[in-house]
Amino acid sequence: MILHYNLPKKIIDTIPLSENERIYYAVPFDIDGEGQWTEGSYLIVTTGKIHIYENEKITETIEIKNCTKAKAEAKVGGGILTVTIGDEPRVLVHYSAKHLSRYAYIARGINILISGRFEEVESNEYEKMCPKCGRAIPGTKNCPHCSKEGGFLKNFLRMAKPYKKGFFGVFVLMVLAAVTTLLNPEIQKHLINDVLRGGGGMKQALVYLAIMFSLSVGIVIVNILKSNASTRLGARISEDLRMALFQKYQELPLSFINDRRPGELLNRITQDTTFIREFMEDVFCNLFAVFFIFIWDVLFMMILNIKLALLTFVTVPIVVVMVLAFRKSVHRIFHLQYKKNDDVSSDLQDVISGMRVVKTYGREEAEANRFKALSTEFSNTQRRNETFWAIFNPIISFLMGMGAIVVVYFGGWDVFNEKMDAGELYQFMTYTVLLFQYINWMSWLPRTLTQLTSSLERINDILSQDVKKLDDAELAEVDIKGEITFDHATFGYKSYQPVLEDINAVIKPGEMIGIVGASGTGKSTLINLLMGLYEIDDGHLLIDGTDIRDIKRKSYHSQIGVVLQETFLFSGTIIDNIRFSKPDATYDEIIRAAKMANAHDFISRTPDGYNTYVGEKGYSLSGGERQRIAIARAILTNPRLLILDEATASLDTESEFMIQKALERLTDGKTTFAIAHRLSTLKKADRIMVIDGHRIAEIGTHEELLNSRGIYYKLHMAQIG
Amino acid sequence: MKEREEMADNNALDIYEKEAEEMTAMHKITDKDRFERTGGGFVNLFFKGNLYERVKVVRLFPFTDADKYISIRENDEKAKEIGIIEDLNDLSEETKEMLKEQLRLNYFTPVIQKIYSIKDEYGYAYFHVLTNKGECKFAINMASNAVTKLSDSRLIIMDLDENRFEIRDVNALTQKERRKLDLFL
Ligand SMILES: Nc1ncnc2c1ncn2[C@@H]1O[C@H](COP(=O)(O)OP(=O)(O)OP(=O)(O)O)[C@@H](O)[C@H]1O
Ligand SMILES: [Mg+2]
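Residues numbered from 1 in each chain as written. Chains lettered and ligands numbered in written order. Predicted model: local features only at pLDDT ≥ 70, side-chain atom pairs only at ≥ 80, totals over all residues. Heavy atoms only, no water.

Side note on the overall build of chain A
Helix and strand counts for chain A stand at 21 helices and 19 strands. When each of the 721 residues of chain A is scored for burial, the buried share is 48%. With an accessible surface of roughly 37,100 Å², chain A has 57% of that area assigned to carbon and sulfur atoms. (Helix = DSSP H or I, 4+ residues; strand = E, 2+ residues; numbered from the N terminus. Buried < 20%, exposed > 50% of the residue type's maximum accessible area, 1.4 Å probe, protein only. Areas by Shrake-Rupley, 256 points an atom, 1.4 Å probe, with all protein chains shown as cover.)

Right under this line is the structure:
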């Protein structure tokens with residue numbers, strides 16, 4: 001994301017810069033004081049000052065040394081940047097949602113300057129609109145339209161490189177197909193001229209027919225071989241790409257995945273690679289053949305009869321324009337139909353998944369009526385479209401045939417006037433039909449190529465991500481003792497919304513820390529950081545004194561056990577799910593872990609025991625049962641660091657008590673973080689951490705916190721009272 | 001010792017009860033209560049003998065009744081409600097202007113008045129429109145649900161940057177404009 005726009009020279013000239021001063025950031029703001037859109041206004045941050053440039057001049061200048069704090073506040077549909085001067089917060093600029101993230105970075109940058117440091121903040125987020133051409137960027141770093149370095153051809157060639165042999169094979173077959181296709185009309189001409197009109201014998205006729213027959217067979221065979229080869233090639237490429245993408249996803253930090261819309265990444269694996277396969281099958285395999293044939297086709301036509309050829313070519317633009325216009329309206333009405341279809345199905349889904357609510361409030365009839373209205377509308381649209389299609393489809397065939405009509409008319413005259421013979425006319429006609437076929441085919445190309453470019457760009461965007469020294473050799477293998485240090489740690493999922501700010505705490509090895517706090521304050525976020533799922537924005541997280549970024553992930557993760565708030569079980573058997581954390585665990589170990597998690601008994605009660613299939617389509621487990629399996633999974637590895645996020649929240653009091661007892665034995669001597677809303681769960685915790693207002697509000701033992709009469713005390717009283 | 005603890009416990013419970021009561025109570029802010037501008041472009045409120053600095057001004061029904069039921073909230077993380085203004089128009093001109101200024105800072109939902117053009121290109125639609133905040137261009141993703149119907153004739157369009165544009169009444173647009181918009185309805 002751009003934080004320093006290239007300002008026009010005339011703006012730069014108005015900015016007074018003292019010695020040692022330079023421009024750090026320059027970003028536009030697009031709403032003026034009256035709340036109207038505005039253009040050409042900028043906020044400019046230099047080493048010592050903040051300038052606001054509006055209406056061709058600097059309207060306000062603020063000394064950074066007078067400020068105590070800058071803040072980018074997100075509002076509805078936009079946001080404001082405020083600075084606090086003395087005690088008074090003050091609005092500087094107002095901007096639309098387009099610049100929300102940008103100003104979050106600017107605020108961070110200004111705060112750094114306020115604190116007397118001179119680092120420059122950078123942003124890894126992508127622009128959504130291309131600053132050059134104004135087009136939307138499909139979730140990638142570069143605009144597929146403007147990017148030179150990652151241009152289409154280069155991307156395509158890079159993708160194709162490992163498959164040189166396959167591509168060459170397809171290419172040879174394409175040339176063969178072109179030659180056989182073009183030869184056929186030539187033979188036909190001879191058949192007509194030499195045999196039918198020239199009175200050649202039966203023998204000669206048979207020879208021509210035999211050649212024609214073998215040519216036709218040849219065309220069929222070559223085409224089959226060609227589609228086979230390109231289908232195979234396409235399937236191989238898309239399979240390899242899918243695999244590469246999948247591997248990359250697993251290596252990428254969660255924050256990257258978090259930044260993208262859900263579903264989008266899935267689409268890159270499924271749709272984009274499928275599109276490349278389809279392109280190879282349907283388009284690429286014909287691409288060169290079509291161009292090749294097309295060029296020869298045009299040449300032959302001109303050689304045969306230049307006047308007639310030129311006449312035909314004149315009709316081409318007319319036909320193309322009409323076909324394109326027609327296609328546009330077809331696209332439009334069918335798009336409408338898809339949209340309506342979407343409406344109907346999402347409404348249906350809504351009603352079905354909300355069936356219980358609908359029934360409870362006795363709203364069946366109202367819902368049925370609403371659905372009926374939608375469905376009627378949909379079927380009306382559909383009927384209209386089918387009619388339209390039925391009428392206009394023949395018209396397009398007619399348009400395509402127009403060239404042929406011109407040829408027959410003028411060519412016919414030539415034949416009557418004996419300027420051309422019948423065989424030639426026939427040959428010419430065949431070429432004309434071919435010409436329009438290929439023009440039709442080629443008119444789809446721009447669209448397909450753009451789609452392909454986007455798909456390639458999206459795939460490359462993932463594949464070319466630099467993964468930070470994840471599990472490089474230089475990273476340390478660790479043997480966790482369990483000392484955890486949060487040092488000024490700050491983190492937010494979105495750049496403009498910090499979830500945790502300035503977290504400081506030292507946890508001793510073997511300590512059990514209870515974490516409490518209102519819903520949504522960032523408890524789960526804290527442990528996400530601890531698990532290394534996200535990287536801290538500012539500050540450090542140290543494990544036994546080593547920054548978590550410098551620790552080998554694999555070695556770290558093999559020593560922590562986690563039970564998450566949302567228990568996730570994969571589709572598979574219970575044993576698969578428990579063994580997930582340690583694939584080589586013996587039955588003995590598994591049963592011991594399950595017993596400790598108080599899961600053994602209910603597993604034994606299911607008909608298939610540990611082989612019971614669970615997951616989306618399998619045996620349905622209750623929330624508490626799932627949780628117990630997750631606990632078994634977490635403790636199977638005998639981890640050094642145990643993280644329990646509401647691990648026992650869905651359990652009945654008795655099960656919870658039993659698991660607590662078991663866990664006590666297990667957590668003995670291990671650093672444990674346990675999040676719980678029920679404070680009784682945290683009885684055994686050495687210290688309690690209360691998270692409130694993005695920070696650690698209180699930390700201390702149960703007694704200490706009770707005595708200090710703060711948030712924890714209130715919570716405690718509310719739960720026992 | 002024991003007694004003191006118990007008393008303290010009772011106190012804590014009292015705090016909760018009070019908070020619960022506060023939560024459900026509904027305070028009305030009227031012309032009797034005073035708002036004042038701060039130097040930095042915000043407003044303070046004097047209410048029931050307290051001064052609340054830099055209050056938040058929040059619409060409760062931003063779409064259906066933008067100027068009615070304005071909630072005034074404290075300016076901190078919890079943003080506790082201080083009170084509700086039933087109708088902005090019941091306030092003095094000066095106060096009204098002051099609060100409208102705050103609303104302008106807090107809400108930016110341009111209303112589309114005229115559609116110059118909509119161009120669709122490979123999955124994105126590019127709009128060029130006139131809004132009540134001036135002329136502007138924006139793009140939406142055609143695959144996502146960028147257009148939300150508030151009612152049969154009222155739309156909210158969310159662009160790629162998550163700006164929100166409103167069309168108050170589709171039927172008030174010209175036939176030509178409606179045809180351009182048809183794809184998204
Ligand atoms: N993946 C995510 N992307 C963006 N925001 C998120 C994400 N996960 C959580 N948040 C936001 O971060 C904040 C803290 O969430 P978190 O899950 O840490 O809360 P919590 O304290 O665990 O709450 P609870 O007690 O309900 O589990 C919330 O406002 C939430 O909306
Ligand atoms: Mg949580």
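Points about the site of ligand 1
Residue and element names in this part refer to chain A. Neighbouring ligand 1 are 14 residues, the closest being S519, K523, S524, T525 and Q565. With respect to ligand 1, the side chain of S519 contributes an N or O atom lying 2.6 Å from an oxygen atom. The backbone of T521 places a nitrogen or oxygen atom 3.3 Å from an oxygen atom of ligand 1. Computed on the free molecule, ligand 1 has an accessible area of 630 Å², of which 64% lies beneath the protein chains in the complex. In terms of residue count, the dominant contributor to the shell around ligand 1 is helix α13 (residues 523–530) (three residues). Grouping the constituent residues of the shell around ligand 1 by class yields four nonpolar, nine polar and one charged. (Near = heavy atom within 4 Å. Polar contact = N/O pair within 3.5 Å; in protein donor to acceptor, adjacent residues only side chain to side chain. Nonpolar A, V, L, I, M, F, W, Y, C, P; charged D, E, K, R; others polar.)

Overview of the sheet that holds strand β11 (residues 538–543) of chain A
Residues and elements named next belong to chain A. Overall, antiparallel pairing links the four strands, which are arranged β9-β8-β11-β12 in an open sheet. For this open sheet the edge positions go to β9 (500–507) and β12 (546–547), each flanked by a neighbour on one side alone. Where β11 and β12 come together, two bridges link them in antiparallel fashion. Bridging across to β12, I543 finds its partner in T546. Against the sheet, α13 contacts β8 (484–491), β9 and β11, and its axis sits at roughly 115° relative to β8. (Pairing = 2+ DSSP bridges. Contact = heavy atoms within 4.5 Å. Axes fitted to C-alpha atoms, helices over the stretch in contact; angles between N-to-C directions.)

Description of unusual backbone geometry
In this structure, N638 of chain A takes a positive phi of about 55° despite not being glycine. The phi dihedral of E162 of chain B is positive, around 70°, even though this residue is not glycine. Relative to the helices and strands, E162 of chain B resides in the loop between β11 (155–158) and β12 (164–167).

Description of the confidence of the model for chain B
Residues with a pLDDT of 70 or more make up 91% of chain B, whose mean pLDDT is 85. The complex model carries a pTM of 0.67, and its ipTM stands at 0.88. (pLDDT = per-residue confidence, 0-100.)

A short note on empty space enclosed by the protein
All names here are of chain A. Inspection of every chain in the model, using the stated rule, returns three cavities of 30 Å³ or more. Taken as a whole, the largest cavity encloses approximately 140 Å³ of empty space. As for the largest cavity, its lining consists of 14 residues, and the residues nearest its centre are M512, L644, Q660, L663 and A674. For the lining of the largest cavity, the elements supplying multiple residues, two or more each, are α19 (653–667) and β17 (671–675). For the lining of the largest cavity, the element with the highest residue contribution is α19, accounting for four residues. Residue classes in the lining of the largest cavity are distributed as six nonpolar, five polar and three charged. (1 Å grid on protein atoms, 1.4 Å probe; cavity = no way out; pocket = protein on both sides within 12 Å on 5 of 7 lines; lining within 4 Å. Points joined across faces, edges and corners; volume = space filled by probe spheres on them.)

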